Each structure stands twice: as structure tokens, then as C-alpha cells.
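Fold and contact review
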Amino acid sequence: MRFIVSTSTLLKQLQAVSGALSSSTVLPILENFLFQIKDGNLTISATDLQTSMTTSLTVETNENGRICIPSRILLDTLKSLPEQPVTFSVDEKTFAVEIKAGDGSYKLSGENGEDFPKIPVVENASSVSLPASVLAEAINKTIFAVSNDELRPAMTGVYCQLTPEHFTFVATDAHKLVRYRRKDAHSATSTSFIMPKKALNLLKSSLPSEDVAVSVEYNSTSAFFKFGNINLVCRLIDERYPDYDAVIPTNNPNKLTIDRLSFLGSLSRVAIYANKTTHQVRLKVEGNELNISSEDLDFSNEAHEKLTCQYEGEDLEIGFNARFLIEMLKNLNCEEVSLEMSTPNRAGLLLPQGGDENEDVLMLVMPVMLNSYA
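Residues numbered from 1 in each chain as written. Predicted model: local features only at pLDDT ≥ 70, side-chain atom pairs only at ≥ 80, totals over all residues. Heavy atoms only, no water.

To summarise the sheet geometry, strands pair through backbone hydrogen bonds and adopt either a parallel or an antiparallel arrangement. Pairing within the open sheet is antiparallel, and its 9 strands lie in the order β14-β11-β12-β13-β26-β25-β24-β18-β22. At either margin of the open sheet sits one strand with a lone partner, and together these are β14 (191-196) and β22 (310-312). The mean inter-strand angle of the sheet, taken between neighbouring strand axes irrespective of direction, is 20°. Two elements, strand β24 (residues 336-341) and strand β25 (residues 348-353), share 5 bridges in a ladder whose sense is antiparallel. Across the sheet, residue Leu-339 finds its bridge partner in β25, namely Leu-350. (Pairing = 2+ DSSP bridges. Helix = DSSP H or I, 4+ residues; strand = E, 2+ residues; numbered from the N terminus. Axes fitted to C-alpha atoms, helices over the stretch in contact; angles between N-to-C directions.)

To continue, consider the packing of helix α3 (residues 132-142) against helix α4 (residues 197-206). At a minimum axis separation of 10 Å, α3 and α4 run at an interaxial angle of 130°. When the axis of α3 is compared with that of α4, the two are oblique. When you trace α3 past α4, the crossing you get is left-handed. Across the interface between the two elements, Leu-135, Ile-139 and Asn-140 from α3 touch Leu-200, Leu-203 and Lys-204 from α4. Looking at the contact of α3 with α4 residue by residue, the class counts come to 4 nonpolar, 1 polar and 1 charged. (Parallel < 35°, antiparallel > 145°, perpendicular 65-115°, else oblique. Left-handed = near helix turned anticlockwise from the far one by under 90°. Contact = heavy atoms within 4.5 Å. Nonpolar A, V, L, I, M, F, W, Y, C, P; charged D, E, K, R; others polar.)

So, on to helix α6 (residues 322-330). Those residues of α6 not exposed but buried are Ala-322, Phe-324, Leu-325, Ile-326, Met-328 and Leu-329. Two or three places before Arg-323, at the start of α6, stands the capping residue Asn-321, its side-chain oxygen 2.9 Å from that residue's backbone nitrogen. (Buried < 20%, exposed > 50% of the residue type's maximum accessible area, 1.4 Å probe, protein only. Polar contact = N/O pair within 3.5 Å; in protein donor to acceptor, adjacent residues only side chain to side chain.)

Attention shifts here to the pairing of strand β26 (residues 359-365). Counting buried positions along β26 yields 6 of 7 residues, so the element is predominantly enclosed. Here strand β13 (residues 176-182) pairs with β26 via 7 bridges, running antiparallel. In the sheet register, Leu-177 faces β26, and the bridge partner there is Leu-364. Here 3 bridges tie β25 to β26, and the two strands are oriented antiparallel to one another. Bridging from a neighbouring strand, Gly-348 pairs with Val-365 of β26. Counting the residues in the hairpin turn of β25 and β26 gives 5 residues, including Gly-354, whose phi is positive at 75°.

A surface patch of negative charge is lined by Glu-286, Glu-289, Glu-314 and Asp-315. Counting through the fold element by element, Glu-289 comes out in strand β20 (residues 289-296). Residue classification places Glu-289 among the partly exposed positions, given a relative accessible area of 31%. (Patch = residues over 30% accessible without salt bridge, like charges linked within 9 Å, V, L, I, M, F, W, Y side chains within 5 Å. Areas by Shrake-Rupley, 256 points an atom, 1.4 Å probe, with all protein chains shown as cover. Salt bridge = Lys/Arg side-chain N within 4 Å of Asp/Glu carboxyl O. Lys, Arg positive; Asp, Glu negative; His and termini not counted. Charge placed at Lys NZ, Arg CZ, Asp CG, Glu CD.)

In this section: the sheet that holds strand β6 (residues 85-90). If you walk across this open sheet you meet the 4 strands as β1-β6-β7-β8, and the pairing is antiparallel. Both edges of this open sheet fall to β1 (2-6) and β8 (104-109), since each of them pairs with a single strand only. Between one strand axis and the next, the sheet turns by 20° as a mean value, whatever way the strands run. One ladder, built from 5 bridges, connects β1 with β6; its direction is antiparallel. Counterpart to Ile-4 in the pairing with β6 is Thr-87. Where helix α1 (residues 7-17) meets the sheet, it contacts β1 and β6, and its direction lies at approximately 90° from that of β1.

This is the structure in C-alpha cells:
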């Protein structure tokens, strides 16, 4: 089997799907790309058995066939070559691969393409179409709140709820929660599933910058995404998602409205002086003044800053993990945010002010118990 392709074209397609590769030592074949040629079209696949990605491109060839090529050595070779045509020659008996580029010749041993795991096909699927920008925004706004706790597998993914009225994406790690809702995206029937974090990160990095439509197909076990020449299929997390609505407080009489970037800047500076274990900052609101402070008693470090804000409600003192608040503020892109609170031991709600009317973002952060320093 022999084919000719440009180095940059091939490298771009390999990098697009390389995130799905596995470093599994149990199944070494998962460290390979599968190359399949049919009618002048090269399809490249990578999988870790949970998530699979394929892409395709046109190459110069008169033959059909398949071969597994080790990913690391192939990527490193192509990265170091200048833009030029390269010729791949494959011995279909020994699976030896020879790459010729200019005056160079490189030989490596591949594996039988027939041994590569079958890429799953989503059967009996429902389908919806989403603009790439909406999907990218939903992933960006939620993925940072996903839990890494393998003992609670449902929370290691993003919960996707599709209804005829809207789409809702939810992520939580029990300390913070994000609910991202799109009012301009609908599905014919109501359904829900949990998307794993790795698949969402791969989607995020490979979604095109131009606003193309992404076809999403799903059934009870898998979800399939198609855009351009890239296909991604992933196994869904088969768990029951916690009732997130039950933890969102509805009665929050104390409402603080503040410039997002000023708040973010102050928190980032004050957090440097906070305890390195708890990252605790204290927010004290009196009238239209917000005092942000932190203290690390072990090192006699402390910091205080004052900001002006708009505030409705009774004077309040509440503690939060600064890292959570900073992360949330960084993942919003509005000018002003409001922080709605009730008591120092109940969750606070961070809500963007203004922005896209089709977008409804709610971020919840749990408070931390305040130390008794003055």
C-alpha cells in the first residue's frame, strides 16, 4: 500500500484527533493511529475505548488498505519536517512502514489494522444540531466545575438536559455548581445524559472557530458529534445525576452588584495572603462598601481591600474559597456580576448582569466557616 500526502495537511489532521489516544500499557495498539485508505480517501482514527475520534483527508493513491502506525514517532517526525509531500509505503505482510520525504527515508514498524478496536456507531439515535459557538460556550462555562472524584462518577461529567424549551448544561463538584441554559436551542423530545470530561475537552479543542453547525446524535449509551471532517464518539456516564435544583437557594434577600474585573482583581491579590489550605477570603458588606480580607495565621500574612458596590439587604459577613470565586469570575465575560446571598452558612449565587438574552448562567458557590479573627 502506498500513498502521498503533504506533511502539514497530515500533521494538522493527526493533531486534531491525537487527544483521543490512550497511553494504555494493557492495550499497546491504542497508542497507534489507524490509517484506512479507500477510494483515495484516508481516514485516521484514534481511541482509548471510551472516546474515539476520526478525521479524513484526500491523498494520492491507487490502492486501498489499513495499517496501525505508532502515534508518538509519527507526530514527532512530521513536526520536524518542512512543508513537502511525503510518501508512505506499507508492507502488508510485515506491517513495516517507510516514510520518504525529500532526501530522507524513515522506517518504523506498524501493526495489523485489523487488530484495531472497532470505532462504535451510534444506533437508534436521536439527533439535534447546535452552532459550534453555542457548544463551545456551554463547555467553557461548565467544565471547570466538574468533579475529579472518581467515587462519585456522575459528577465527573457535565449533565446535559435537552427539552423542547431549552438546553441546560450542569456541572458540580459539591463545592461549586454551574447551570448554563440556552433558550435558543431546543430538541423535539425531553432527554438527559452525562458527558465525560475528556470528551468535552477534546470537543472544546477541536471545534472550529467559524460558526458551523455541529450534528449531535445520542442514545442511552453513547453520543456522536460531527462537524467538518471530524467525528467524535464517546461513551456516556451511566449514572444518576444529583438533583441540582434542590441545592439552588431561592430566597436570597442580600444582593451585591459589582464590576466583575475589579472584584476579580481584588480577590486575586487578597487570595495571595490567604491560608494555603483553605484559600479562605472574608467578604464584609456594609452599606455600599465591600471589604475583602484574608489572613494566614501561620505566617502572619494578611491583606485587606475595599471596593464600592451596589448593595441591597442587611450588612453581612461571609467566607468563601477564593479559588472558586476567581475561577467563576474568569469564566464569565460580562461587565458586572451580582452575588446573591441569604445567610453566612448558605450558598451564594453569582449571576452575570446583562449579556446575551438567550443565555442564562447561574453559578453557585458554597461558603466556608469563618475563623474568628477580627
